[in-house]
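# Residue-level structural notes
Spelled out from the first residue to the last, the chains are:
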Amino acid sequence: MKSGGHGQSVSLRRGFFPGRASCTHRKVRQHLSTPVKCCSSSFFFCAALVLAGPAAAQVLTKAIEVRSLNRTQADQGLEARLRGIVVFVETSAVFVRDETSTTFFRPERAGAFRPGDEIEVQGLTRMGLYLPGLGLSTARVLRHGDRPLGIPANYDDLVSA
């Protein structure tokens, strides 16, 4: 949290304005931890956008919210904080399941998780090869648990997808 002048505070989270150039207003720019691009040449409009921005940003907290994003939404780098059980680990991705669905994230440390771990993960959304997930994310193990049970499926289930 940094002072925005006149007793106001500015707090921008990383990724709030992903991929945008710096604000051209020196007074606003000096208080930002993340560079932003103004939508208007008006300093007051820019300052209002910056001051109102973080409160308007919604944090995704369920796997189904991440899975329901379309390609464009996923690539916006929306903030997500999930809690769930690790169901599968591969070289560059970890799949985590909560009570709503399953999604993936790219861990900062490879090999830090195993199936059954209850974890908390925080990161920004991105589009994967087939479904939306989280890019490079921080995660911590809350507890180690038993491997999750598989979902029963027969041949007809598998071929009908």
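Located above this text is the structure these notes cover.
This section reports on the structure supplied with the text. (Residues numbered from 1 in each chain as written. Predicted model: local features only at pLDDT ≥ 70, side-chain atom pairs only at ≥ 80, totals over all residues. Heavy atoms only, no water.)

To continue, consider the overall build of the chain. Looking only at helices and strands, the chain has five helices and seven strands in total. The secondary structure elements of the chain, listed N-terminal to C-terminal, are β-β-α-α-α-α-β-β-β-β-β-α. Of all intrachain contacts in the chain linking residues separated by at least 6 positions in sequence, the fraction that spans at least 24 positions is 51%. Surface accessibility of the chain: about 10,400 Å² in total, with carbon and sulfur atoms responsible for 53%. (Helix = DSSP H or I, 4+ residues; strand = E, 2+ residues; numbered from the N terminus. Contact = heavy atoms within 4.5 Å. Areas by Shrake-Rupley, 256 points an atom, 1.4 Å probe, with all protein chains shown as cover.)

Another aspect to go through is the sheet that holds strand β5 (residues 102–107). Sheet architecture is closed into a barrel: five strands sit in the order β3-β4-β5-β7-β6, paired in mixed fashion. On average, each strand axis in the sheet is tilted by 55 degrees relative to the strand beside it, whichever way the strands run. (Pairing = 2+ DSSP bridges. Axes fitted to C-alpha atoms, helices over the stretch in contact; angles between N-to-C directions.)

Counting residues in hydrophobic clusters, the biggest one holds 16 residues, and the most contacted among them are V66, F105, F113, I119, V121 and L134. Mapped onto this core, the elements with two or more residues apiece are β3 (79–89), β4 (94–97), β6 (118–127) and β7 (132–143). The contact partners of F105, leaving out residues within four places of it in the chain, are S92, A93, V94, V96, F113, I119, V121, L134, G135, S137 and A139. (Core = buried A, V, L, I, M, F, W, Y, C linked by side-chain atoms within 4.5 Å. Buried < 20%, exposed > 50% of the residue type's maximum accessible area, 1.4 Å probe, protein only.)

What follows concerns the side chain of E118. Topologically, E118 is positioned in strand β6. Classification of E118 by relative accessible area gives buried; the value is 16%. Polar side-chain contacts of E118 include one of 3.1 Å to the side chain of R83. (Polar contact = N/O pair within 3.5 Å; in protein donor to acceptor, adjacent residues only side chain to side chain.)

Turning to a nonpolar patch on the surface, a few remarks are in order. On the surface, a cluster of nonpolar side chains totalling about 380 Å² of accessible area is made up of Y155, L158 and V159. Relative to the helices and strands, L158 resides in helix α5 (residues 155–160). (Patch = residues over 30% accessible without salt bridge, like charges linked within 9 Å, V, L, I, M, F, W, Y side chains within 5 Å. Salt bridge = Lys/Arg side-chain N within 4 Å of Asp/Glu carboxyl O.)

Take the packing of aromatic side chains next. Under the defined criterion, the tally for this structure stands at three aromatic pairs. Taking the centre distance of 6.1 Å and the plane angle of 50 degrees together, the rings of F95 and F104 count as tilted. Looking at F95, the relative accessible area reads 22%, which means it is partly exposed. On the basis of relative accessibility, which here comes to 5%, the residue F104 falls in the buried class. Ring-pair connections join several aromatic residues into one group, and the members of that group are F88, F95 and F104. (Phe/Tyr/Trp six-rings, centres within 6.5 Å; stacked < 30°, edge-to-face > 60°.)

Glancing now at the pattern of salt bridges. Tallying each qualifying case throughout the model produces six salt bridges. Between E99 and K62 there is a salt bridge, with its nearest N and O atoms 2.4 Å apart. Taken together, the positions of E99 in the loop between β4 and β5 and K62 in the loop between α2 (43–56) and α3 (63–67) put the pair 37 residues apart, joining distant regions of the chain. Among the residues examined, K62 registers a relative accessible area of 29% and is labelled partly exposed. Residues R83 and E118 are paired through a salt bridge, measuring 3.1 Å at the closest nitrogen-oxygen approach. Here R83, found in strand β3, pairs with E118, found in strand β6; they are 35 residues apart in sequence, far enough to count as distant.

What follows is about the pairing of β7. Judged from the three bridges that link them, β5 and β7 form a sheet pairing that is parallel. The residue bridging P107 from the neighbouring strand is S137, located in β7. Pairing between β6 and β7: eight bridges, direction antiparallel. Counted as the bridge partner of R126 is G133 from β7. Taken together, β6 and the strand that follows it, β7, pair antiparallel across an intervening segment of four residues.

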